[in-house]
Each structure stands twice: as C-alpha cells, then as structure tokens.
Amino acid sequence: MDAWPRTIVHADMDAFYAAIEQLDNPELRGRPVLVGPNSHRGVVLTASYEARPARVGSAMPMALARRRCPNAIVVEPRFARYREVSRIVMGVFANFSPDVEALSLDEAFLDMSGSSHLFGEPAALGRRLKAAVADATGGLTVSVGISGTKYVAKVASAHRKPDGLTIVSPDRAREWLAPQPVAVLWGAGPKLQGRLADLGLMTVAQIAVADPQWLVAAIGKTALHLQALSRAEDARSVEALRHPKSISSELTLETDVAAHEEIRRHLRRAADTVGRRLRKQAYTARGVRLKLKRSDFRILSRQTALSEPTQSAERLWQVAQGCLAQIDDRGPYRLIGLGAFDLAAAGGESQLDLLCTATERSAKLEAALDAIEDRFGPGAVQRAVGPRGRGPR
Ligand SMILES: [Mg+2]
C-alpha cells in the first residue's frame, strides 16, 4: 500500500453503547437492546444489531422504538463507562498511528500512510486493527474502511457493518462509489436527495458525470462539493487532536467582590473545576493564570510557571493565591477566572506532582470526587466553601 498516495483508515465501533451493555451484562447478549432514557420523551441512542431488523435505530423516539420492537430491553446509558471504553479504543488506535482524528467516542480516522513495513498491506492492517480492538476491549467489534481519502474510507467502513473490513484501492475508488446511491455523498441529506431524484440523479456515477454548470444551477454551489466526492476527490488530511492551549474556569459574580478572602473562595471553586477537567482530559499544566475583571471592565491578570507539572486542584489554588497576592489593586471585581496553561499529556514523569507525599492525599481525594461526579453528575459534590455565582463559563 506504500504505492498508495495516502492510506487512510476509518474505524467505527459497531453499535457502541449497546455492544458495551452486552459485553458487561451477558444476559443482554444476543437480545435486542435499546440504549436510551426509558421515558416517553427520550430517544434511542443506540440499538443493538438484534433490534435493527425491527426498523429501530439511533435518534428514533423511544416510544416508537418500543412499539416496533416490543421485546427489546431498554437500558439507561452509562456515559462514564462508554468514555472509559472509548479511551481504551482510542489507545489502541494510537498504537497504530500517531495521527488519529477522533470524530466521536467510537469513531476515528487514522493516517497510516507509508506504514506497510510495520503493519502489512491494507487487508492485514485492517485485520490487525480489528483484532487489537477486540483484544483490548474483551470482544467489541469495529468496522474498518481503508482507502486513499477520508471520504472513501468512511463510506467503506459503513459498507459492511457490523464487523466489516472494506478496502478500496485509490485507483478504483471512483468506480467503487459509482453504483452507490446519492445518499452516501456527505451533505446529501433527505431533502437534497429528493431534489436530486427529481432531476433523475439516483447514483453517485450520475452526479460524477453531470454537467457542473447545470448541476450548480439546479441545486446551488453544494453541487461542486458533491461532484468532487462523487469522483472520490477529497484532499482533507487526518487532523490529529491538538492540545488545547489552556483550560480555564471563569465566573461572573452576582455581586462584585473586593475582599481577598472572598476572592480566594471563588478561586477554590475555579481550581476544582479546572483540576477536574485536566484530570478528565488527561493533561497536566505547568502554568497558572489568574484573571480578574474590575467593575469598570478593566482586566488584570497574573501568571506563574510551575516547577513541576500538576493536575491537582489544591496546587492550582495555592498558585492562584500567590498570583492574587501580587495584584496591587483594590477592586471590586465582577469576574474571577483561573486558567491552567502550558499543557502536556499526563503520564510518565508528569505524574510526579501527583505522587508527592505533600499532595498525595489531596490527589486521592480529588480522584474520589471525580468518581462521584462521574456517577451522579456535575455538582454532586459541593465544597463547604463553595460560593454561588451567576454560573461558570
Ligand atoms: Mg459507531
């Protein structure tokens, strides 16, 4: 495949939420499962493959899905668990390529260009990726499409779901797309499909050969985009997730404050929020920034670099208080913000600060609080000092 100009993989977990429920609860295996809130107003998030012959699927009102599939078992979603499995799956992808673009919890593009010496030809690569996902998750299946563009790889992964593996060599991508319905073209929603049908355009091939001026006149500029896709032209590259520059929490206050004691209490709350987000997103910070907005809207800020990276709220709070002490202004302030910057992926030596005995206890406490919030939702735990404001941003 090194003869391919680019090798792009699209990997999409099969019925992800429902498959996790079936993995965790053997009684659900082989049975129709609907994941979603069990209420009349809820919608189905994922239907297991056993439920799909009854014509139920994602985004369908739960009430309708239950009528169509009366023997389905409805399971409340467990997002913390889905995120946990997602991290495992994304970790597997990262072992295959440094360039992974996650599209959602269960779907990603991988740029595998020039890696056949490591992973073999596309078919072998696809089988290895599928086996690695199954192995790491205890048996979940993923559908994989491999081609020379993101677009064709994505259409290919959906081609033979579940547990599919579809390889479309770039030099025959256009031919492979040709007989497919226009619905496979990104941007061709139901309304546009109807319009295209009115024009007699039912297949990708018909779009590919249509006169572009006529097509633009008929359906607008989106025609050019559809036509490029229909010819398997898609120059976009896989965009690996970049680190955010900073993670911050700002609170506009109900009443302006000036007393440092009061400001410190607000900073504690902001530090808790930022610390939690750092841990959740697996980043450490080497810088802390304090931001104050005066009642005349003038902004004051101070920042400090840390000797050791941290993800501890306690540490962020300490440093922010040091920043506060450097501010020679009497306020009052209408907004208080705390930001963590100079971020790096957590792991290895960046965990040092967490392991220091001085902060070990607070780190353990913070991890415990994270677990409670994962289970019971944000705000389940309030610090006794936690002040209320007009709401965090
Ligand atoms: Mg999926």
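What comes next is a walk through the structure. (Residues numbered from 1 in each chain as written. Predicted model: local features only at pLDDT ≥ 70, side-chain atom pairs only at ≥ 80, totals over all residues. Heavy atoms only, no water.)

**Brief notes about the overall build of the protein**
In step 1: What the protein contains, in helices and strands, is 15 helices and 12 strands.
In step 2: Within the span of the protein, comprising 393 residues, buried residues form 45% of the whole.
In step 3: Across the protein, the fraction of contacts at a sequence separation of at least 24, relative to all contacts at a separation of at least 6, is 66%.
In step 4: Of the roughly 19600 Å² that the protein leaves accessible, carbon and sulfur atoms contribute 53%. (Helix = DSSP H or I, 4+ residues; strand = E, 2+ residues; numbered from the N terminus. Buried < 20%, exposed > 50% of the residue type's maximum accessible area, 1.4 Å probe, protein only. Contact = heavy atoms within 4.5 Å. Areas by Shrake-Rupley, 256 points an atom, 1.4 Å probe, with all protein chains shown as cover.)

**Concerning the sheet that holds strand 8 (residues 165-167)**
In step 1: Strands sit in the order 5-6-1-7-8 across an open sheet of five strands; the sheet is mixed. Two strands lie at the open edges of the sheet, namely strand 5 (100-104) and strand 8, each paired on one side alone. Neighbouring strand axes in the sheet, compared pairwise and without regard to direction, differ in orientation by 15° on average.
In step 2: Note that strand 1 (residues 8-13) and strand 6 (residues 107-111) share five bridges and pair antiparallel. Considered in strand 6, the bridge of aspartate 12 is made with glutamate 107. (Pairing = 2+ DSSP bridges. Axes fitted to C-alpha atoms, helices over the stretch in contact; angles between N-to-C directions.)

**A closer look at the sheet that holds strand 9 (residues 246-257)**
In step 1: Reading across the sheet, the four strands line up as 9-12-10-11 and stay open at both edges, with antiparallel pairing between neighbours. Strands with a single pairing partner mark the edges of an open sheet, and in this sheet they are strand 9 and strand 11 (299-310). Direction aside, neighbouring strands of the sheet carry axes that sit 15° apart on average.
In step 2: Where strand 9 meets strand 12 (residues 333-345), eight bridges bridge the pair, whose relative direction is antiparallel. Along strand 12, the bridge assignment pairs serine 248 with glycine 339.

**Brief notes about the nonpolar core**
In step 1: Counting 34 residues, the largest nonpolar core has Val9, Phe16, Phe93, Phe96, Leu110, Leu129 and Leu140 as its most contacted members.
In step 2: Those elements giving two or more residues to this core turn out to be strand 1, helix 1 (16-24), strand 2 (33-35), helix 3 (79-96), strand 6, helix 5 (122-137) and strand 7 (142-147).
In step 3: The dominant element in this core, judged by the number of residues it contributes, is helix 3, at seven residues.
In step 4: Discounting residues that sit within four places of it in the chain, phenylalanine 93 has contacts with Ala11, Val100, Ala108, Leu110, Leu129 and Val133.
In step 5: If you look at the next biggest cluster of nonpolar residues, it comprises 29 residues, including Leu267, Leu306, Ala313 and Leu316. (Core = buried A, V, L, I, M, F, W, Y, C linked by side-chain atoms within 4.5 Å.)

**A few points about the environment of valine 204**
In step 1: Among the secondary structure elements, valine 204 is positioned in helix 9 (residues 204-209).
In step 2: Since its relative accessible area comes to 0%, valine 204 is described here as buried.
In step 3: Not counting the four nearest positions on each side in its chain, valine 204 is found in contact with Leu177, Ala178, Gln180, Pro181, Val182, Val184, Leu185 and Ser230.

**A few points about the coordination of the magnesium ion**
In step 1: Looking at the magnesium ion, one finds its protein donor set to be Asp12 (OD), Met13 (O) and Asp106 (OD), positioned 2.1 to 2.4 Å from the metal centre.
In step 2: Taken in chain order, the donor set of the magnesium ion reads D-M-x92-D. Taken together, the residues span a long stretch of sequence, with methionine 13 in strand 1 and aspartate 106 in the loop between strand 5 and strand 6 at a distance of 93 residues.
In step 3: Classification of aspartate 106 by relative accessible area gives buried; the value is 15%. (Donors = N, O, S within 2.8 Å, 3.2 Å for Na, K, Ca; no water.)

**Brief notes about helix 12 (residues 260-280)**
Think of an α-helix as 3.6 residues a turn; residues three or four steps apart then line up on the same face.
In step 1: Given a rise of 1.5 Å per residue, 21 residues ought to cover 30 Å, and the 30 Å separating the end C-alpha atoms of helix 12 matches this to within 8%.
In step 2: Here helix 12 has its buried residues at Ile263, His266, Leu267, Arg268, Ala270, Ala271, Val274, Gly275, Arg276, Leu278 and Arg279.
In step 3: Downstream of helix 12 by a residue or two, alanine 282 has a phi angle that is positive, lying close to 60°. (Expected span 1.5 Å × (residues − 1).)

**Notes on the packing of aromatic side chains**
In step 1: Scanning the model with the defined rule gives six aromatic pairs in all.
In step 2: Each ring, one from phenylalanine 79 and one from tyrosine 82, has its centre 5.8 Å from the other, and the planes form 85°; the classification is edge-to-face. Linking phenylalanine 79 with tyrosine 82, this pair stays in helix 3, spanning three residues, or about one helical turn.
In step 3: Tyrosine 82 gets classed as buried once you look at its relative accessible area, which sits at 0%.
In step 4: Centre to centre, the rings of phenylalanine 96 and phenylalanine 119 are 4.9 Å apart; their planes meet at 20°, and the pair counts as stacked. In this pair, phenylalanine 96 is assigned in helix 3 and phenylalanine 119 in helix 4 (residues 116-119), connecting sequence segments 23 residues apart.
In step 5: By relative accessible area, phenylalanine 96 is classed as buried at 12%.
In step 6: On the basis of relative accessible area, phenylalanine 119 is assigned to the buried category, the value being 11%.
In step 7: A network of ring pairs unites the aromatic residues Phe16, Tyr17, Phe79 and Tyr82 as a single cluster.
In step 8: Over the ring of tyrosine 49 we find arginine 52; its NZ or CZ atom is 4.1 Å from the centre of that ring. (Phe/Tyr/Trp six-rings, centres within 6.5 Å; stacked < 30°, edge-to-face > 60°. Lys NZ or Arg CZ within 6 Å of the ring centre and 35° of its normal.)

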